[in-house]
Amino acid sequence: MYSRIHEVVLVLSAAIVLSTVYAVRYYRKPIPPFYFDLPQKYFLININKAGRDVLELLPRIGPGIAGEIENMRVGKGGFTELTNLLEVKGLSEGILNKIKNKITISD
């Protein structure tokens, strides 16, 4: 008889396998599987602390936009609101809407 722990381990294992397949197939670069498959309450990318490599894990954020985010963050001393990201060159409102549930500006 399976316990609750066995169920959780099974679900997490399946999520890791599926996310790795998805990452390789659609992003063509390896993405740590836990970034997008756990519920958002467990993992959000802090825009004020993340490096370029972590920012690039977000949908539709490439090296150029990740660099612009990092440069603006250093120049301004950090973002105070998510809408401040609209000032970043190349980051549109559509992209912000796609990533806003995966990011945070606080600890």
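Below or above, wherever it landed, is the structure these notes cover. (Residues numbered from 1 in each chain as written. Predicted model: local features only at pLDDT ≥ 70, side-chain atom pairs only at ≥ 80, totals over all residues. Heavy atoms only, no water.)

**Structural notes on the side chain of Thr-104**
Put simply, the test is: Secondary structure follows DSSP: runs of H or I at least 4 residues long count as helices, runs of E at least 2 residues long count as strands, and numbering of each begins at the N terminus. Whether a residue is buried, partly exposed or exposed follows from its accessible area with a 1.4 Å probe, protein chains only, as a fraction of its type maximum: under 20%, in between, or over 50%, in that order. Whenever a nitrogen or oxygen atom comes within 3.5 Å of another N or O atom, the pair is scored as a polar contact, on the condition that within protein one atom can donate a hydrogen and the other can accept it, and that pairs from neighbouring residues in sequence are kept only if both atoms are in side chains. Contacts are assigned to residue pairs with any non-hydrogen atoms lying within 4.5 Å of each other.
With respect to the helices and strands, the residue Thr-104 is situated in strand β2 (residues 103-104). Residue Thr-104 is classed as buried on the basis of its relative accessible area, which comes to 18%. Among the polar contacts listed, one links the side chain of Thr-104 to the backbone nitrogen of Ser-106, at a separation of 3.3 Å. Setting aside residues up to four positions removed in sequence, Thr-104 forms contacts with Leu-44, Ile-45, Asn-46 and Ile-47.

**Considering unusual backbone geometry**
Despite not being glycine, Arg-60 shows a phi value in the positive range, around 65 degrees. The residue Arg-60 is located in the loop between α3 (52-55) and α4 (63-76) in this model.

**Notes on the nonpolar core**
Here is the rule we go by: For our purposes a nonpolar core is just a set of buried Ala, Val, Leu, Ile, Met, Phe, Trp, Tyr and Cys residues, chained together by side-chain atoms within 4.5 Å.
With 17 residues, the main nonpolar core has Ile-69, Leu-85 and Leu-91 as its most contacted residues. Counting residues per element, the ones that place at least two in this core are α4 and α5 (93-99). Apart from the residues lying within four places of it in its own chain, the contact partners of Leu-91 are Ile-61, Ile-65, Ile-69, Leu-85, Leu-86 and Leu-96.

**Points about the pattern of salt bridges**
Any two side chains of opposite charge can pair if their charged atoms end up close together. Rules: What counts as a salt bridge is simple: a side-chain nitrogen of Lys or Arg found within 4 Å of a carboxyl oxygen of Asp or Glu.
Taken as a whole and assessed by the stated rule, the structure comprises 3 salt bridges. One salt bridge in this structure joins Glu-70 and Arg-52, with 2.6 Å as the shortest N-O distance. Of this pair, Glu-70 sits in helix α4 while Arg-52 sits in helix α3; the two residues are 18 residues apart in sequence, bridging distant segments of the chain. Residue Glu-70 is classed as partly exposed on the basis of its relative accessible area, which comes to 21%. What makes Arg-52 partly exposed here is its relative accessible area of 37%.

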